[in-house]
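Structure assessment
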Amino acid sequence: MERRNSSNRTTMWMTDKGDVKKPLGAEFEVFLNFRGPDTRQTFADCLYHFMDIAGIRVFRDDEEIRNGEAIVGELERAIKSSLICIPIFSRNYASSAWCLRELAIMVDCKAMILPVFFDVNPGDVKLRTELYHGALQKHEEKFGSDTVQRWKEALGKVARMKGWNIKDRGYHGELIRQIVAEVLNKLNNRDKNLPNHLVGIQDCVEEVMRLLDEGSPDVHYLVIHGMGGIGKTTLAKVVFNHIYCRFDGCSFLSDVREASKGGKVVQLQKQLLSEILNSKSVEISDSDAGINQIKRRFRYKKVLIVLDDLDEWDQLSKLAEKRDWFGQGSRIIITTRNTNFLPIEEENRENGVQTCFEEFKIYGMRELSHRHALRLFSSHAFRMDSPPHDYYHTSRDIIRKTGGLPLAVEVIGSSLCGKSISLWKATLKKLNLIPNQDVHHKLKISFEMLGDAQKEIFLDVACYFIGKEKIHPHYMWKAMDFYPKVEIYVLSRMSLIKVNGDRLLMHDLLRDLGREIVRQENKVLEKRSRLWSPKDALDVLQNRKGTENITALKLIGLPKEHDFTSEEFSWLPNLRLLELEGGNLIGDFKNLLSSLKWLSWCRCPLYLQAVNLRLQNLVVLKLSNSEIPENWNGWGPCLESHDLKTIHLMRCHLSTAPDFSTCLNLRILVFAEHCPESPQIGSSIGKLEHLKRLEIIAGGVHPSNLSGCPSFDLRVMPSEICCLKHLSSLKLEGQRIRELHPSIGDIVGLTCLSLVDCYRLRKLPDSIGKLTSLLVLNLFNTRIRNLPDSVGDLKRLEKLYMGCTRIRELPRSIGELESLLDLDLQFSAIIALPASIGYLKRLKRLNMACSKMRELPNSIGDLKRLKEMNLAYTHIRELPSSIGGLESLLYLCLYCTKITDLPASIGYLRRLKNLTTYGSKLRRLPKAICTLENLQRLTYHDRSNVDITWPPLLRDLDIFCDDPRSLPRLPLGLRSLELNGVKSPMELPLLPELRYLPELTLSRWGLREMEFKQLENLHRLEVSHCKSLVRLSGLSSLGKLKNLRITSCSQLIEIRNLEEMESLEELSIAMCSSIERLPDLSKLHKLRSLHVNDCNSLQGLPDLPNFLEELSIENWSSIGRLPDLSMLYKLRILNLLHCESLQRLPDIPNSCDLYVHACPKLGESREDFGFCCHCANSNPRLSLRRRRMIRWHLLVLMMDPLQTTTEKLREASPFTVRSVSYHSSDFLCWTLVPSLRY
């Protein structure tokens, strides 16, 4: 028998929990693949016995197959347990279908293959001769062309691999010894030891593997970056174990930072050379000699090197500085908490210089999700996957304190193992006060590496500025003679802070570290530098315990308002930051608060009772939610400082702007939300020669805390604003301005002009063209009908937003915007683009969705840098052939267009990754589609193209197939498949390739019953819009299914075996109006989320598992009451929406968050709810235009749900996105707060 196979080297595998586990031991190390009659009694037998004598476990022939087990199944198990595959090619090798089948599996699984060419040449195996053609032609008659084509591809790939050609070599003994030596070398176990419990690492490994791009012959550096204790080293070890056998040599250098101290880098060089060369010792006199040896001896070797915990360039320069030190295909993995020393890509906008080092790819580590953190914690604390009932809530609270940091989860979990519940609660209480010391020590390493200014900024952020806009403390730090731009950059590169857009962020444990460092400054409260606890600050202030050590006080969030006296502040001579809420300042403040640089006051008093208050060094003034009278006496002391840089007024009832004559160095002036109409802005604003940012933004839809306070509404743009020569950002949003002042062109330094929601603005002045520094122009939702020709003079403009405008035609001068990167025309009235659009040589994103666009000019093909083009819901009927010129295009959306054919030139889009043609009139795909070598996602719903050749990297496929016989051969490596429109009976799997498919969607099928078979690797299944479907069966065979979604199957009455799906974690059933009951779900112990929507025939909820964490019930009008849910002790979220008959709330755990909307019998029907998809069509107060836009942004999710995240929506949407949850491909529940005004 010639039954052999192999698989991917399985030194570890991913479990269905997202864990990584080590196998108990590989049953076979080597898999011999050969045709028995050719070599069994000769070469194959000798090779087998030589390897057996050497102690190598080899799979050969049927004596290894246990009686009573299926041959195919046992062979597959043998494949997955083998580490190396050795196919022996002989003259009649191709006559064995078994050999060819096994060879194809080896290739598919990317096994380590060492081929032996026994009595043939590699050219024969590459099918360059006629040797194998006859046998393959016979196989084609029996097995079909698709199967044989796979075998041919496998032969070609293996023939190109490095192996042994022994044809015409008489004696084979010496060669067999060489093969055995090479195998022993490959089997030399270099596995790094891994923790027993690895959770949630699967996604990280897959992303790192993608970045490593093993198929590329180039040398790549991959940097795994993140804070201490987040799992960088563990991830590097898992990846190393997974791939090291595919390299000529490998080395894992642990803890380089410590090992290189004291000039010990030579020892690291010796270790590196020794491990890769498999030599016991390598003599090196000094580091220079080591560098020369590395360059000379590795130059032609494909090596894998891991440099763990680097923190200096000198370390890298002596171990792996340059790509040309190593052979093709080499990979160098670096783990570090500090990327400051690496030459990674940076952009300097000031001089336009971009330094790019493409060989360095960065992977930023993420914290564990709550679910994975809880599982990891439980494995250390209880030696099980989840906590016992009595410990659940305490465990959950402890997990929240860890912030998902694996180190903290493991350390705290292990310390609590076997301890009593009372000790657990005491530990939680302690963690609320001070961090765990082991974790604290690990994180403090990074802090101790900082300079003095960096430490001060880090502590300020930890105590006061998390989530805050960075520009305001920037000015305060600058006034302290720091260099905040540089210091923030360093802190970010060291993973101590994150900068998201313009906001400062910090991990919870780093926040706790910073605050603990402040606590350790002194045991006495008043001798510490910062007091962020309002209670502590109040105690120090009221008891006159202040000292010169205190620099910052936070007095907001107190139970009641307090007045503060001058005597209390007299004990704080060095106070530089003060945050107040309500109350007043009373007394004589002469010579007090002289060091104050930051004053933030929410609900400041109508009359300030302080006398002689002079804030001469104030830098930042922030007032909010305050009623400020016309002649407020607080302006004098607050605006006296010549160093004042920021005035930020949020939701202030302000009838008249103050006189700014005394603060001529002001940089930022903001009037935002809920100010009265027609404010009086005096001429003094024209004196602010250094002003960089001016914002006058109307109030949103949120109800004001100040009753009867109308929105700030500017009708006329003050001419004084046009005198601000240094102004770089001007936002006049939601105002009733009809036109801009003609002299706006005089603000020559303006880089951002936003006129969003100025719905009365109908035109721009010609002088707009004088804004030659402008980078962003946002005209979204204005009534502008045309752009002046002078817009072409904006040579530096990068982003132009004209969505929801009445512009019908772009001027020819648009082509002169030589720096334009983003052009947004969605929902506009534009019919066609001018030919000059082709001159936008730097354009990257072009969005014309839902516009009235009818055709594209031929010049569109000149946009060589265009990456994204969205034509969804336009009237375009054809694409010009020049479309093939878009050589950088990654994303092309033709959703619901009228395009019938794609030009053959589409095949030139070699970088295209995502092509969506769903809902279009497309008749067939061109054959050139197979040349799209980087296409990963394709949506295509035509009935033709049976014989299509798929792009090689296709991962996500959405196709129409009414007849199963017309289904084309599916691409290998498919990750997600959606099949639409099947009407003929069929069994699953449809093709063998589906056995390895992780995600499957079946949509719009015309069958009454579906039965699932042999989809053992399926993780996600969605069945939607199958109107004839009555019954689902065979679900119990889906042993790895985690996510099941059934949507819009109106005739469905039965879901068989649902109660047996032990791996199921998420279940969603929506718009299935005929289903009357669900089976008992109480034994589905992994089920975490259940969503039921619009299933009005359902008679009630089934029994639920105690481990359920989220329950959502929506649009279930017939449900009158819910069962007692108090026993669901893990329940975190209960959503009840549009349950009109629900009469009372069920009992729920105390820790569960309850959200109720539109359930009138519960006394809850929140009319101020931001947005509900059930309410959208029935709300008469929602204008048609706004409703269309809401639907469009829902559609964005539906078109590309795998790529859309809440963060991306926050960036792209004109709404404030609170949360997004996916319930099916077309049922999406958003919680939105519209920020538009109509």
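Nothing here was measured: the structure is a model prediction, and the numbers come from that model. (Residues numbered from 1 in each chain as written. Predicted model: local features only at pLDDT ≥ 70, side-chain atom pairs only at ≥ 80, totals over all residues. Heavy atoms only, no water.)

1. A few points about the overall build of the protein
Our working definition: Put simply, DSSP H or I for four residues or longer makes a helix, DSSP E for two residues or longer makes a strand, and each gets a number counted from the N terminus. Remark: exposure states derive from per-residue accessible area (1.4 Å probe, protein chains only) relative to the maximum for the residue type, with buried under 20%, exposed over 50%, and partly exposed in between. In this analysis, two residues are considered to be in contact whenever any of their non-hydrogen atoms come within 4.5 Å of each other. Computed with a 1.4 Å probe, the accessible areas rest on the Shrake-Rupley method; for each residue, only the protein chains presented here act as cover.
Of the regular secondary structure elements, the protein holds 28 helices and 55 strands. For the protein, the proportion of its 1238 residues judged to be buried stands at 56%. Residue pairs at least 24 apart in sequence account for 50% of intrachain contacts in the protein once pairs closer than 6 positions are excluded. Entry remark: accessible area of the protein is about 52300 Å², with carbon and sulfur atoms responsible for 46%.

2. What about a positive patch on the surface?
Formally: Like-charged residues within 9 Å of one another, or nonpolar side chains (Val, Leu, Ile, Met, Phe, Trp, Tyr) within 5 Å, are grouped into patches, provided each residue has over 30% relative accessible area and no salt bridge. A pair is scored as a salt bridge if a Lys or Arg side-chain nitrogen falls within 4 Å of a carboxyl oxygen belonging to Asp or Glu. When charges are counted, Lys and Arg contribute as positive and Asp and Glu as negative, whereas His and the chain ends are disregarded. One atom stands in for each charge, and that atom is NZ of Lys, CZ of Arg, CG of Asp or CD of Glu.
A surface patch of like charges, here positive, comprises Arg808, Lys852, Arg854, Arg877, Lys898 and Lys921. Within the element layout of this structure, arginine 877 appears in the loop between strand E37 (868-870) and strand E38 (891-893).

3. A short note on the side chain of glutamate 526
Among the secondary structure elements, glutamate 526 is positioned in the loop between helix H23 (508-519) and strand E18 (530-531). Put simply, glutamate 526 is tucked away with no salt bridge, and the nearest opposite charge, on lysine 545, sits 4.4 Å away. When near neighbours in sequence (up to four residues on either side) are disregarded, glutamate 526 contacts Val540, Lys545, Thr547, Asn549 and Ile550.

4. With respect to the sheet that holds strand E44 (residues 1009-1011)
Our working definition: By the convention used here, strands pair only if DSSP detects at least 2 bridges between them.
Reading across from one edge, E44-E46-E48 is the order of the 3 strands in this open sheet, with parallel pairing throughout. At either end of the open sheet lies a strand with only one pairing partner, and these are E44 and strand E48 (1054-1055). Examined bridge by bridge, strand E46 (residues 1031-1033) and E48 share 2 bridges and lie parallel to one another. Bridged to leucine 1032 within E48 is isoleucine 1055.

5. Description of the sheet that holds strand E22 (residues 585-588)
Spatially, E20-E22-E24 is the arrangement adopted by the 3 strands of the open sheet, whose pairing is parallel. Of all the strands in the sheet, the pair left with one neighbour each is strand E20 (564-565) and strand E24 (610-611). The pairing of E22 with E24 spans 2 bridges and is parallel. Looking across to E24, one finds that glycine 587 is bridged to alanine 610.

6. Side note on the packing of aromatic side chains
To keep it simple, the criterion reads: Classification of ring pairs uses Phe, Tyr and Trp, with its six-membered ring standing for Trp, and accepts pairs whose centres are within 6.5 Å; under 30 degrees between planes counts as stacked, over 60 as edge-to-face, and the remaining range as tilted. In this scheme, Lys NZ or Arg CZ marks a charge over a ring once it lies within 6 Å of the ring centre and within 35 degrees of the ring normal.
All chains considered together, the criterion is met by 25 aromatic pairs. Between the aromatic rings of tryptophan 632 and tryptophan 635, the centroid separation amounts to 5.2 Å while the plane-to-plane angle is 90 degrees, which identifies the pairing as edge-to-face. Note on tryptophan 632: relative accessible area 5%, which makes it buried. Geometry around tryptophan 98 places arginine 101 over its ring, the cationic atom sitting 5.0 Å from the centre.

7. Topic: a negative patch on the surface
A contiguous patch of negative charge on the surface is contributed by Glu1059, Glu1060, Glu1062, Asp1080 and Asp1103. Summarising the element assignment, aspartate 1080 is placed in the loop between strand E49 (1066-1070) and strand E50 (1089-1093). Its relative accessible area of 35% is what places aspartate 1080 among the partly exposed residues.

8. Quick notes on the environment of asparagine 92
By the secondary structure assignment, asparagine 92 is in the loop between strand E5 (84-89) and helix H4 (97-108). Separated by 27 residues in sequence, asparagine 92 and aspartate 119 have C-alpha atoms that sit 9.7 Å apart. With residues near it in sequence (within four places) discarded, asparagine 92 still touches Arg35 and Asp38.

9. What about the pairing of strand E31 (residues 729-733)?
Among the 5 residues that make up E31, 4 are buried, leaving the element largely enclosed by the rest of the structure. Strand direction decides the pairing type here: strand E30 (residues 693-697) and E31, joined by 5 bridges, are parallel. Its bridge partner lying in E31, leucine 694 is registered against leucine 730. Direction of pairing for E31 relative to strand E32 (residues 752-754): parallel, over a ladder of 3 bridges. Note that in E32 the partner of lysine 731 across the bridge is serine 754.

10. Quick look at unusual backbone geometry
The backbone of arginine 651 sits at a positive phi, close to 55 degrees, despite the residue not being glycine. For arginine 651, the location among the structural elements is in the loop between strand E27 (646-650) and strand E28 (653-654). Assessed through its relative accessible area of 27%, arginine 651 is described here as partly exposed. Look at histidine 1025: it is not a glycine, yet its phi comes out positive at around 55 degrees.

11. Focus: the packing of helix H21 (residues 471-479) against helix H22 (residues 484-493)
The line we're drawing: Every axis corresponds to a line fitted to the C-alpha atoms, with the helix fit spanning only the stretch in contact, and the corresponding angles, defined between N-to-C directions, vary from 0 to 180 degrees. Following the grouping adopted for this structure description, the nonpolar residues are Ala, Val, Leu, Ile, Met, Phe, Trp, Tyr, Cys and Pro, the charged ones are Asp, Glu, Lys and Arg, and the polar ones are all others, Gly among them.
Two elements in contact, H21 and H22, have axes whose closest approach is 9 Å; the angle formed by their N-to-C orientations is 115 degrees. Packed against H21, whose contacting residues are His474, Trp477 and Lys478, the element H22 presents Pro484, Lys485 and Ile488 at the interface. Split into classes, the residues belonging to the contact of H21 with H22 amount to 3 nonpolar, 1 polar and 2 charged.

12. Side note on the pattern of salt bridges
All chains considered together, the criterion is met by 34 salt bridges. When the shortest N-O distance is used, the salt bridge between aspartate 822 and arginine 845 registers 2.7 Å. On the criterion of sequence distance, the pair formed by aspartate 822 in strand E35 (residues 822-824) and arginine 845 in strand E36 (residues 845-847) is long-range, its members being 23 residues apart. With relative accessibility at 31%, the residue arginine 845 sits in the partly exposed group. For arginine 975, the salt bridge identified is with aspartate 956, shortest N-O distance 2.4 Å. Of the two residues, arginine 975 is situated in the loop between strand E41 (956-960) and strand E42 (976-980) and aspartate 956 in strand E41; the sequence distance between them amounts to 19 residues.

13. Notes on the environment of glutamine 454
Looking at where glutamine 454 falls in the secondary structure, it is placed in helix H20 (residues 452-465). The class for glutamine 454 is buried, based on a relative accessible area of 14%. Each C-alpha atom of the pair glutamine 454 and phenylalanine 482 lies 8.6 Å from the other, and the pair is 28 residues apart in sequence. Beyond its immediate chain neighbours, meaning those up to four positions away, glutamine 454 contacts Glu487, Val490 and Leu491.

14. Overview of helix H15 (residues 370-381)
Put simply, the rule reads: Each helix should span, by expectation, one fewer than its residue count multiplied by 1.5 Å.
For H15, with 12 residues, the first-to-last C-alpha span of 16 Å sits near the 16 Å given by 1.5 Å per residue. Among the residues of H15, those classed as buried are His372, Ala373, Leu374, Arg375, Leu376, Phe377, Ser378, Ser379, His380 and Ala381. Looking at the buried residues of H15, the elements they touch are helix H16 (392-402), helix H17 (406-416) and helix H18 (421-431). Looking one or two places after H15, you find arginine 383, whose phi comes out positive at around 60 degrees.

15. Regarding the side chain of histidine 648
Looking at where histidine 648 falls in the secondary structure, it is placed in strand E27. If sequence neighbours within four positions are ignored, histidine 648 has contacts with His472, Leu621, Lys622, Leu623 and Val670.

16. Description of the nonpolar core
This is how it is decided: We define a nonpolar core as any set of buried Ala, Val, Leu, Ile, Met, Phe, Trp, Tyr and Cys residues linked to one another through side-chain atoms lying within 4.5 Å.
Judged by nonpolar contacts, the single largest core of 190 residues is most densely connected at Leu753 and Met869. Tallying contributions element by element places helix H24 (residues 534-542) first for this core, with 4 residues. Excluding residues that lie within four positions of it along the chain, methionine 869 makes contacts with Leu846, Met848, Leu856, Ile860, Ile883, Leu886, Leu889, Tyr891, Leu892 and Cys893. Grouped together as the second largest cluster of nonpolar side chains are 98 residues, Ile56, Leu187, Leu405 and Leu443 included.

17. Brief notes about the state of the cysteines
Under the convention used in this document: Counting rule for disulfides: a pair of cysteine sulfur atoms within 2.5 Å.
Applying the stated criterion across every chain, the model contains 0 disulfides. Cysteine cysteine 850 is unpaired, with the sulfur of cysteine 804 as its nearest cysteine sulfur at 9.3 Å. A residue is classified by how much of its surface remains accessible, and cysteine 850, at 16% relative accessible area, is buried.

18. Overview of the pairing of strand E52 (residues 1133-1137)
Extensive coverage of E52 is indicated by the burial of 4 of its 5 residues. Direction of pairing for E52 relative to strand E53 (residues 1153-1157): parallel, over a ladder of 5 bridges. Across the sheet, residue leucine 1134 finds its bridge partner in E53, namely leucine 1154.

19. Topic: the confidence of the model for the protein
Short version of the rule: Residue-level confidence of the predictor is what pLDDT reports, using numbers from 0 through 100.
Looking at the protein, pLDDT values average 82 and 84% of them are 70 or higher. Across residues 62-70, confidence stays below pLDDT 50; counting only partners more than four residues off in sequence or on other chains, it has 13 contacts. Across residues 1165-1170, where pLDDT falls below 50, the model places 12 contacts with residues more than four positions away in sequence or in other chains.

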